[in-house]
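A look at the structure
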Amino acid sequence: KTWLLCEAGAHAELQAGSPRLVLLKKYNECAKACFALATSLAGNKPDGGFLVLNCLLYCRQCALECEKYPKEEETQFCGIVSSICAGSLKDMAKEISIFQLN
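The structure reproduced in this document is the subject of the present report. (Residues numbered from 1 in each chain as written. Predicted model: local features only at pLDDT ≥ 70, side-chain atom pairs only at ≥ 80, totals over all residues. Heavy atoms only, no water.)

**Looking at the packing of aromatic side chains**
Evaluation of the coordinates by the stated rule reveals 1 aromatic pair. Look at W3 and F35: their rings are 5.0 Å apart centre to centre, the planes differ by 40 degrees, and that puts the pair in the tilted class. Here the residue W3 occupies a position in helix α1 (residues 2-15), and F35 occupies one in helix α2 (residues 21-42), the gap between them amounting to 32 residues. You can call W3 partly exposed: its relative accessible area is 32%. When its relative accessible area of 44% is taken as the criterion, F35 is described as partly exposed. Positioned over the ring face of Y69 is R20, at 4.3 Å from the centre of the ring. (Phe/Tyr/Trp six-rings, centres within 6.5 Å; stacked < 30°, edge-to-face > 60°. Helix = DSSP H or I, 4+ residues; strand = E, 2+ residues; numbered from the N terminus. Buried < 20%, exposed > 50% of the residue type's maximum accessible area, 1.4 Å probe, protein only. Lys NZ or Arg CZ within 6 Å of the ring centre and 35° of its normal.)

Listed below in C-alpha cells is the structure:
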C-alpha cells in the first residue's frame, strides 16, 4: 500500500504547477524501496535483510517530509501510511537480526 500511495503522491507532485522537489524525491525513493522489498518477499529472495532496512529508512524519511504539509490531507495520509510501514519494518528488521545472530 505504501508503494502505491507514494507512486500516486509522486504523480500528483509532477502534475502540480510547481512540484516540490524534496517531497517528490522522498515519494520516489520510498516507492522504489517498497517495490523492491515487495518483489523480493514475493520471490523469497535471500537479500531481504538489506531491502527491509533500506525500505524502513526511505519510508521514515518520506513520513517525516509529509509531516511538513499538515493542511494537505493526501500528503498527510501518505505520511501516516509510510510511518506505519516503517514501524512494521522495524519489527521485521529486529526479527531478521535475531535470526541471523542465532
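Here the narrative resumes.
**A closer look at the pattern of salt bridges**
Here the structure, examined in full by the defined rule, presents 5 salt bridges. For E29, the salt bridge identified is with K25, shortest N-O distance 3.8 Å. Here the residue E29 and the residue K25 both occupy positions in helix α2, the gap between them amounting to 4 residues, near one helical turn. For E29, the salt bridge is made with K26, and the minimal N-O distance between the two is 3.9 Å. Of this pair, E29 and K26 are both found in helix α2, 3 residues apart, which corresponds to roughly one turn of the helix. (Salt bridge = Lys/Arg side-chain N within 4 Å of Asp/Glu carboxyl O.)

Geometry only, nothing functional implied.
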